[in-house]
Amino acid sequence: MSTTPMALDSPMGNGLTGKVNGVQPTAMLSEVISLYRPTKHFRREKSPSQPTTVVALDFDNEGAILLTSESDHTMQMYNVKEGKHHKPLLSHKYGVSHAMFGHASGCIIHASTKINNTIRYLSTHDNSYIRYFEGHEDTVTCLSLHPGQDNFLSCSEDNTLRIWDASTKNACGKLNLNGAYLSAWDPSGNIFAVASPTSSSILLYDFRNYDRAPFSTFDMLPYSQEMPKSTSKGWNKLEFSNDGKHLLLGTTGQGHFLLDAFDGHLKASLRRERGGVKRLCGGDHNAEGISSQSSEYLYPSSGDACFTPDGRYVLSGSRGQNVLAWDTLAAAPERFLAPIHELEYTGDSAVIAFNPRYNFFATADKEVVFWVPDQSLA
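Just so it is clear, the structure is predicted and the values come from calculations on it, not from any experiment.

J.: I'm lost on the packing of aromatic side chains in this one. Help?
T.: Following the criterion strictly, the structure yields 21 aromatic pairs and no others. Aromatic pair W185 and F207: ring centres 4.9 Å apart, planes at 90°, arrangement edge-to-face. Placement of the pair is W185 in strand β17 (residues 182–185) and F207 in the loop between β19 (201–206) and β20 (216–219), with a sequence separation of 22 residues. F207 matches W185 in its accessibility class, with the two residues each being buried. In textbook terms, an aromatic cluster arises when at least three aromatic residues are bridged by ring pairs, as seen for Y36, Y345, F354, F361 and W371. When the ring centre of Y94 is taken as origin, the NZ or CZ atom of R120, which lies over that ring, is 3.5 Å away.

J.: Where do I start with the environment of D284 in this structure?
T.: Residue position: D284 is located in the loop between β24 (266–271) and β25 (305–307). When the C-alpha atoms of D284 and Y299 are compared, they prove to be 9.9 Å apart, with 15 residues separating the residues in sequence.

J.: Even after reading the chapter, I still don't get the environment of K84, so can you show me in this structure?
T.: The topology assignment puts K84 in strand β8 (residues 84–90). Overall, the relative accessible area of 43% leaves K84 in the partly exposed class. When the C-alpha atoms of K84 and F42 are compared, they prove to be 8.5 Å apart, with 42 residues separating the residues in sequence. Those residues in contact with K84 that lie beyond four places of it in its chain are F42, Y78 and N79. Looking at K84, its side chain comes within polar contact range of the side chain of E82, at 3.0 Å.

J.: I would appreciate a short explanation of the sheet that holds strand β27 (residues 321–327) in the present structure.
T.: If you trace the four strands from one edge of the open sheet to the other, you get β25-β26-β27-β29, paired in antiparallel fashion. Each end of this open sheet is capped by a strand with a single partner; those strands are β25 and β29 (341–346). Averaged over neighbouring strand pairs, the angle between their axes works out to 20° when direction is ignored. Judged from the three bridges that link them, β25 and strand β26 (residues 313–316) form a sheet pairing that is antiparallel. The residue of β26 that forms the bridge with C306 is L315.

J.: Any chance you could explain the layout of surface pockets here in plain terms?
T.: Once rolled over the atoms, a probe with the size of a water molecule shows which space is left empty. Its volume calculated, the second largest pocket comes out at about 430 Å³. Around the second largest pocket, the lining is made up of 20 residues, and of these S294, S295, Y297, L298 and K366 lie nearest the centre.

J.: What exactly am I supposed to notice about the sheet that holds strand β14 (residues 151–156) here?
T.: Pairing between the strands of a sheet is mediated by backbone hydrogen bonds and can be parallel or antiparallel. One open sheet accounts for four strands, arranged β13-β14-β15-β16; its pairing is antiparallel. For this open sheet the edge positions go to β13 (140–145) and β16 (173–176), each flanked by a neighbour on one side alone. Between one strand and the next, the sheet's axes are offset by a mean angle of 15°, whatever the strand orientation. Two elements, β13 and β14, share five bridges in a ladder whose sense is antiparallel. The partner of V140 across the bridge, within β14, is S156.

Here is what the cut-offs are and how they apply
- Residues numbered from 1 in each chain as written.
- Predicted model: local features only at pLDDT ≥ 70, side-chain atom pairs only at ≥ 80, totals over all residues.
- Heavy atoms only, no water.
- Phe/Tyr/Trp six-rings, centres within 6.5 Å; stacked < 30°, edge-to-face > 60°.
- Helix = DSSP H or I, 4+ residues; strand = E, 2+ residues; numbered from the N terminus.
- Buried < 20%, exposed > 50% of the residue type's maximum accessible area, 1.4 Å probe, protein only.
- Lys NZ or Arg CZ within 6 Å of the ring centre and 35° of its normal.
- Contact = heavy atoms within 4.5 Å.
- Polar contact = N/O pair within 3.5 Å; in protein donor to acceptor, adjacent residues only side chain to side chain.
- Pairing = 2+ DSSP bridges.
- Axes fitted to C-alpha atoms, helices over the stretch in contact; angles between N-to-C directions.
- 1 Å grid on protein atoms, 1.4 Å probe; cavity = no way out; pocket = protein on both sides within 12 Å on 5 of 7 lines; lining within 4 Å.
- Points joined across faces, edges and corners; volume = space filled by probe spheres on them.

Okay, here's the thing in structure tokens:
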């Protein structure tokens with residue numbers, strides 16, 4: 001694996017109370033949001049001149065390890081504190097997508113892309129599978145981990161959402177929902193949301209009574225019709241803010257939707273003029289006959305937008321250059337909100353994840369990029 005450090009390598013600290021890349025933990029994010037710059041990037045190649053494509057990013061609970069899902073049927077682990085590649089995890093037999101850390105130390109849950117649609121529970125300590133979660137009959141489009149328990153949700157193109165407990169192989173529950181391709185937990189873990197682009201709606205369920213009808217439904221069709229078609233195409237991310245006030249619906253188009261998490265009204269359309277990197281969303285497929293070696297072949301994405309841990313800002317990748325930042329507290333004339341900052345970077349950012357413990361985030365497309373504030377710009 002080749003790794004190429006960029007110009008801003010900084011000393012790495014140790015421990016959660018220390019500094020990472022010279023950056024304090026996330027308490028003072030508003031003071032540094034404009035200062036983020038790429039500090040390192042890592043590029044892997046399946047063969048000469050053919051880089052792999054990163055399809056998902058996730059941090060562990062402690063913010064110490066970054067996990068990627070990649071197009072060459074591998075997962076890669078990166079040590080955040082030391083700023084280097086940690087180790088690869090191979091899944092050539094089953095493929096991999098939507099890999100995420102479980103709450104148990106060193107355990108990963110991921111979907112399969114080969115043989116079948118089984119979800120797999122992997123121990124990184126000895127690279128062995130602990131458990132298989134079987135049942136989905138088509139491609140898994142999303143995995144969402146409960147914030148405080150070992151339950152997780154899976155969405156699939158088989159038009160079901162399943163509820164699992166990592167300690168048992170059998171599903172705890174199943175909802176038959178047409179086109180329910182995205183899901184997210186609220187920060188309390190008492191509520192989960194399900195997004196269906198097919199019905200242009202977001203459904204909210206009480207986790208304790210998930211077998212009942214959703215207690216609230218947010219109709220997205222009026223908001224989508226207000227926006228240019230290029231703004232709202234392709235839903236690829238659903239996320240609650242950590243303060244529970246907002247719900248983010250990410251798209252592959254020229255904007256994302258920022259919703260009030262309580263009543264679903266549109267607080268702002270987050271505009272990005274260049275749009276997102278071309279990726280597949282739930283329910284999308286490459287045309288028949290397109291080789292995976294072709295430049296026209298598209299891979300899925302775990303989403304190119306996310307909240308910062310304080311819930312105030314939304315960050316998003318963009319096509320061609322820069323990462324965009326919006327302030328959710330800013331006034332939104334006519335419900336349109338422009339970015340308050342464009343963080344400089346030359347290249348695509350197709351997936352993004354913010355570290356839960358540190359002022360640090362990562363983006364990726366053909367390469368993984370580490371971002372921290374450059375204090376010399378303050």
